[in-house]
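This is what each chain is made of:
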Amino acid sequence: MNMANATKINNIPILKLADISLSFGGVNALSDVSFEVQKGEILSIIGPNGAGKTCILNCINQFYHPQNGYVEFNGQNISRLPSYKIAKLGISRTFQNIELFNGLTVQDNLMSGRHFFMTGGFWGSFLGGMYFGKSHHEEIAQRKKVEEIIDFLEIESIRKQVVGTIPYGLRKRVELGRALALEPKLLLMDEPMAGMNTEEKEDMARFILDIHEERVNTIVLIEHDMGVVMDISHRVVVLDFGRKIADGTPDEVKSSPEVIKAYLGT
Amino acid sequence: MPIDTIPKLFKATCDKYGERKIAIRHKKFGIWQPYTWKYFWEQSKYFSLGLMSLGYEKGDRLTIVGDNEPEWYYAMFAAICRGGIPTGAYQDSLAEEIKFVINQSGSMFIVVEDQEQVDKMLDIREQIPQVKRIIFWDTKGLRFYDDPLLINFVDVVEMGKAYEKTHPDLFEKLIEESSPEDPVYLTYSSGTTGVPKGILHCSRSAMASSEAWDLPDPSGEKDDFFSAFPLAYGAEFIYMIPAFLKGGSTVNFPEEPETIEQNMREIGPSKGGAVPRVLENFVSFVQVKISDATFLKRLTYNSLMPIGYRVAKMKLNNQKVNPFWKAMYGIAYFFVFRPIRDWIGYTGLRVLMIGGASMAAEVFDFFVAMGIDSRMIYGMIECAPTAVHQKGDIDYETSGVPSPGCDIRISDNGEILTRGPMRMLCYYNNPEATAKLIDDQSWVHTSDAGFLTDKGHVVCIDRLADLITLKDGTGFSPSYIENKLKFSPFIRDAIITGDDKDFVGALISIDFPNLGKWAETHRIAYTTFVDLSQKKEVYSLIKKDILNINRKLPDRQRIIKFALLHKELDADDAELTRTRKLRRKEVSKRYVDMIEALYSGSREYIAEAKVKYRDGKVATITTAVQLASVEDK
């Protein structure tokens, strides 16, 4: 059963990838990949190992700058922009191998996601740290936003714990929280369910649907668990050896001979 | 107008304090959010009017399923003030179990917390055809649910505000019309003996219960309660709520079930109750932590703890504590007791009421040594508390003297009979069970075996049906021995056997976290619960504990043989109730073969256990369980 809710997906592309090619020396990681992400949809990218899935995400937020082709976000060409500007435009992401500040607490990690919303500057923040002035109020307002995310992701019990000490499944959730703290318009998730047990996977799938409903309208995710992918996504893009081999609804993709070939061999 | 009903008491208190005082605190977004009595009043009132506009009538039942949160209280008071009957189901129950509560009570309205519960309700909707509306208060994930049955809590409150315009003063009038014998609360027995029964309380009984509970130390404006018991369990309603209303105290709700311990520490409630189970866990927790602590800390604990025990003994014997011991106690309190109390959230606690089951004397001593005024309380939810320890008259081997207005009599077959104003109305829709419980002279037959001491204290030995008689006619209480066993930090649960047998046997379920730690420090490698439980070293460790206990028991009641169970006892397997009481009948049925093997003289038993997971799946595991004998050498 597909659980993705029937929000209106208006055919307005929020993100457009056109003829993206990326190579490292002689290795072609991506060749001529094009697809669009419509506003309001959950799009999954699947494919065998080494198909170039993470490369796509890295090209979207310009960790990698593709040699060919361009990326458009809300009609604006964002190729060649530095990553922090992409984040500021409203694209945030999570990583396959959790990239959190291990020595900070959960709430401080989430606060770091609110960095862009702080306007105080160095001296302002210094006073804010001493409980004075505008930055102090700003800090409180940001903290409130962070608390809303803590409530949303149900991580109240670990709020004050140092990230290095909490279990893996929860760290994934914290990282997702930090991505949400940016209040993005587009959320990229790199294998949010890798290494989780069935129960944790179910929880995470539930969170993704909730996020889609209440916080971020458009989500692009990479996932290996086919059950989850087919359940929660509106559309699926399939990659194999750096090329796009299918693009459509879960049902269409499932029955595509190319996909079956890529997954099962000939 | 006399304040003789809960709705009237509610109104009087809300009127008295209005915006001046905090009624409810709930931790949300990391901060304790305060709500005044006025807010509490308005939420309950408008929710109640909203329910009425949806067709909620006098006497209608309302099932509430959710964690302890203010909305639970609002919904409950909304129903009570209308003259309806709120009841609760445990939030972690399976849909089937909740269905039982909804259908037995015939609820037409259901108030649930969140998506999880809504999904459960929608799954069983064909089986609960009478339900008119399902009201939820946490909207997360529910935005696109368009089922006409569903409605948001705040929307009902808004409907109530609109309804008031056409029906002014209706709510206040209904409160005035309430009478002491109107039912106000329905709770379901835990089902230790078969199908749960609905216990129906009225204003009169709940207020009398609460008064007796509150008597040793009346609640006041400055008191903080902490709402941690599942609200579906009757104890909070009949003990705490009327006292909370009467005293104008504050009730605090935890942020999430997972944060209860942290939150309780932050609040440090001044009044509270606990079941022995929780206290036993505290004591094991402290013991394990101390054995793990550094040398200096261990030394401090071990040298100062005896002072606590000594002073506790003096206090319990009503002796005057002389200045020397007072000073010593002060030092011990500063270095040991205060930090421990802080850890378990008992810093501000004045009186601790312990009830629900019997408890080992060692645990009781521990809390008195910590400087906590502990009292045992006895009674079944149908008529509670029957007996309470009063100030200066505390003897932990008993449950204290009969509560005011309560008579106690021991029947010819040794059963405790009781009669008093705190008796419930009846079992809901179950006249046979009611007739069985309450005889024509309105004595409540508790099914507990017990006796009265010379000082007039009540001693409850055990459930009448649970008493065990050996082949030679020796009768004894299994739970008495079980409690002694459970005092060991390595034993989580125990089942004492021996009915119609030659000697006493025990099936023991180990405490996995504590024993796991012990195994680690003793370099014993293990993989799973099953593996650890069957280790030779573990057997000899537990054997030592049993030998210790055996020394304190009469000759014929000593444990001769025992086995360590290969799994934890679990409420999901129907082995324990949701409040973690042993379901003796179920358990002895389930382990009948193992018990037979224990008495057959064999040294090993191949157990095939069915494990039921939360989602209803069943799996079978096979294990060889060792059967060991305890030889006192």
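First things first, this report covers the structure right here in the doc. Quick caveat: nothing in here was measured; it's all calculated off a predicted structure.

## With respect to the overall build of chain A
When helices and strands are tallied, chain A shows 10 helices and 10 strands. A compact globule built from 266 residues should have a C-alpha radius of gyration of about 18 Å, and chain A, at 19 Å, falls within 12% of that. The dimensions of chain A, computed from C-alpha atoms along their principal axes, are 65 × 40 × 35 Å. By the burial criterion, 50% of the 266 residues in chain A qualify as buried. In chain A, the share of contacts with a sequence separation of at least 24, taken over all contacts with a separation of at least 6, comes to 69%. Just so you have it, chain A exposes about 12500 Å², and 53% of that area is on carbon and sulfur atoms. Both charge centroids of chain A, one from 28 positive and one from 33 negative side chains, sit 6 Å from each other.

## Topic: the overall build of chain B
Secondary structure summary: chain B contains 21 helices and 28 strands in total. The C-alpha atoms of chain B give 25 Å as radius of gyration, which agrees with the globular expectation for 633 residues (26 Å, within 12%). Overall size of chain B, expressed as C-alpha extent along the three principal axes, is 85 × 65 × 55 Å. Taken over 633 residues, chain B has a buried fraction of 58%. Within chain B, counting contacts between residues at least 6 apart in sequence, those at least 24 apart form 65% of the total. Taken as two groups, the 80 positive and 87 negative side-chain charges of chain B have centres that lie 5 Å from each other.

## Thoughts on the interface of chain B and chain A
Taken together, the contact pairs 16 residues of chain B with 15 residues of chain A. Three residues stand out in chain B for area buried against chain A, namely B:Phe29, B:Lys140 and B:Phe144, and they jointly supply 46% of the buried area on that side. Where chain B touches chain A, the interface holds two salt bridges. Between A:Arg159 and B:Glu255 there is a salt bridge, with the nearest N and O atoms lying 2.5 Å from each other. Our count for the contact surface shared by chain B and chain A stands at seven residue pairs in polar contact (both at pLDDT 80 or more). Looking at side-chain class alone, the side of chain B that touches chain A contains three nonpolar, six polar and seven charged residues.

## Section: the nonpolar core
Residue and element names in this part refer to chain B. Counting residues in hydrophobic clusters, the biggest one holds 82 residues, and the most contacted among them are Phe-40, Phe-47, Tyr-73, Met-76 and Phe-237. Counting residues per element, this core draws most heavily on helix α3 (residues 70-82), at 10 residues. Beyond its immediate sequence surroundings of up to four residues, Phe-237 is in contact with Ile-6, Met-76, Ile-80, Val-184, Tyr-185, Ala-206 and Pro-242. Counting 51 residues, the second-largest nonpolar core is a separate cluster that includes Ile-481, Leu-485, Trp-518 and Ala-563.

## Focus: the side chain of A:Ser79
Residue and element names in this part refer to chain A. Looking at where Ser-79 falls in the secondary structure, it is placed in the loop between β5 (76-77) and α2 (83-89). For Ser-79, a relative accessible area of 17% puts it in the buried group. Within the structure, Ser-79 has its side chain in polar contact with the side chain of Asn-77 (distance 2.9 Å).

## Considering helix α3 (residues 106-113) of chain A
Residues and elements named next belong to chain A. Burial runs high along α3: six of the eight residues are buried. Within α3, the full set of buried residues consists of Val-106, Gln-107, Asn-109, Leu-110, Met-111 and Gly-113. The inward-facing, buried residues of α3 abut α5 (133-153) and α6 (168-181).

## A look at the sheet that holds strand β8 (residues 218-222) of chain A
Residue and element names in this part refer to chain A. With respect to topology, six strands assemble into an open sheet ordered β6-β7-β8-β3-β9-β10, the strand pairing being mixed. Sheet topology places β6 (91-94) and β10 (243-248) at the edges, where each strand pairs with a single neighbour. Within this sheet the neighbouring strands show an average axis-to-axis angle of 15 degrees, counted without direction. As defined by bridge partners, strand β3 (residues 42-46) adjoins strand β9 (residues 235-240) across four bridges and the pair is classed as parallel. If you follow Ile-46 over to β9, its bridge partner there is Val-238.

## Observations regarding the pattern of salt bridges
When the charged atoms of two side chains lie near each other, side chains of opposite charge can form a pair. Residues and elements named next belong to chain A. A full pass over the atoms with the stated rule returns 45 salt bridges over all chains. For Arg-178, the salt bridge goes to Glu-175, with nearest N and O atoms at 3.9 Å. Here Arg-178 and its partner Glu-175 are both found in helix α6, three residues apart, which amounts to about one turn of the helix. Overlapping salt bridges, with partners in common, bring together Glu-41, Arg-235, Lys-244 and Asp-247 in one network.

## Points about the packing of helix α12 (residues 295-316) of chain B against helix α13 (residues 323-343) of chain B
Residue and element names in this part refer to chain B. At a closest axis distance of 9 Å, the pairing of α12 and α13 adopts a crossing angle of 120 degrees. Classified by the angle their axes make, α12 and α13 are oblique. Taken as a pair, α12 and α13 cross one another with a handedness that is left-handed. Contacts between α12 and α13 involve Thr-300, Tyr-301, Leu-304, Met-305, Ile-307, Gly-308, Arg-310, Val-311 and Met-314 from the former and Trp-325, Met-328, Tyr-329, Ala-332, Phe-335, Val-336, Phe-337 and Ile-340 from the latter. A class-by-class count of the residues in the contact of α12 with α13 yields 14 nonpolar, two polar and one charged.

## Description of the packing of aromatic side chains
Aromatic ring pairs: the centre-centre distance and the angle between the two ring planes describe each pair. Residues and elements named next belong to chain B. Considering all chains together, one arrives at 39 aromatic pairs over all chains under this definition. Judged by centre distance (5.1 Å) and plane angle (65 degrees), the ring pair of Phe-10 and Phe-40 falls under edge-to-face. One end of the pair, Phe-10, is in helix α1 (residues 6-17); the other, Phe-40, is in helix α2 (residues 37-53), with 30 residues separating them in the sequence. Measuring from centroid to centroid gives 6.1 Å for Phe-100 and Tyr-188, while their planes differ by 75 degrees, and the two rings are edge-to-face. Of the two residues, Phe-100 is situated in helix α4 (residues 95-105) and Tyr-188 in strand β8 (residues 183-188); the sequence distance between them amounts to 88 residues. The exposure class of Phe-100 is partly exposed, given its relative accessible area of 28%. When the ring centre of Trp-213 is taken as reference, the NZ or CZ atom of Lys-271 above it lies at 4.8 Å. Residue placement shows Arg-409 over the ring face of Trp-443; its charged tip is 4.9 Å from the ring centre.

## Regarding α5(A)
Residues and elements named next belong to chain A. The first and last C-alpha atoms of α5 sit 31 Å apart over 21 residues, in line with the 30 Å expected at 1.5 Å per residue. Listed as buried for α5 are Ser-135, His-136, Glu-138, Gln-142, Val-146, Glu-147, Ile-149, Ile-150, Phe-152 and Leu-153. Within two residues after α5, Glu-154 carries a phi angle of roughly 55 degrees, on the positive side.

## Examining a nonpolar patch on the surface
All names here are of chain A. Where nonpolar side chains cluster on the molecular surface, the patch consists of Phe-122, Trp-123, Phe-126, Leu-127 and Phe-132 and spans about 640 Å² of accessible area. As for its placement among the helices and strands, Phe-122 is situated in helix α4 (residues 121-129). Classification of Phe-122 by relative accessible area gives exposed; the value is 63%.

## Considerations on the environment of B:Tyr233
All names here are of chain B. Its location among the elements puts Tyr-233 in the loop between β10 (224-226) and α9 (234-247). Overall, the relative accessible area of 13% leaves Tyr-233 in the buried class. Note: C-alpha distance between Tyr-233 and Gly-88 (145 residues apart in sequence) is 7.6 Å. Among all residues touching Tyr-233, those that are not within four sequence positions of it are Tyr-90, Tyr-185, Thr-187 and Thr-579.

Procedures and definitions
- Residues numbered from 1 in each chain as written.
- Chains lettered and ligands numbered in written order.
- Predicted model: local features only at pLDDT ≥ 70, side-chain atom pairs only at ≥ 80, totals over all residues.
- Heavy atoms only, no water.
- Helix = DSSP H or I, 4+ residues; strand = E, 2+ residues; numbered from the N terminus.
- Rg over C-alpha atoms; globule rule 2.2 N^0.38 Å.
- Buried < 20%, exposed > 50% of the residue type's maximum accessible area, 1.4 Å probe, protein only.
- Contact = heavy atoms within 4.5 Å.
- Areas by Shrake-Rupley, 256 points an atom, 1.4 Å probe, with all protein chains shown as cover.
- Lys, Arg positive; Asp, Glu negative; His and termini not counted.
- Charge placed at Lys NZ, Arg CZ, Asp CG, Glu CD.
- Buried area = accessible area lost by both parts, 1.4 Å probe.
- Salt bridge = Lys/Arg side-chain N within 4 Å of Asp/Glu carboxyl O.
- Polar contact = N/O pair within 3.5 Å; in protein donor to acceptor, adjacent residues only side chain to side chain.
- Nonpolar A, V, L, I, M, F, W, Y, C, P; charged D, E, K, R; others polar.
- Core = buried A, V, L, I, M, F, W, Y, C linked by side-chain atoms within 4.5 Å.
- Pairing = 2+ DSSP bridges.
- Axes fitted to C-alpha atoms, helices over the stretch in contact; angles between N-to-C directions.
- Parallel < 35°, antiparallel > 145°, perpendicular 65-115°, else oblique.
- Left-handed = near helix turned anticlockwise from the far one by under 90°.
- Phe/Tyr/Trp six-rings, centres within 6.5 Å; stacked < 30°, edge-to-face > 60°.
- Lys NZ or Arg CZ within 6 Å of the ring centre and 35° of its normal.
- Expected span 1.5 Å × (residues − 1).
- Patch = residues over 30% accessible without salt bridge, like charges linked within 9 Å, V, L, I, M, F, W, Y side chains within 5 Å.

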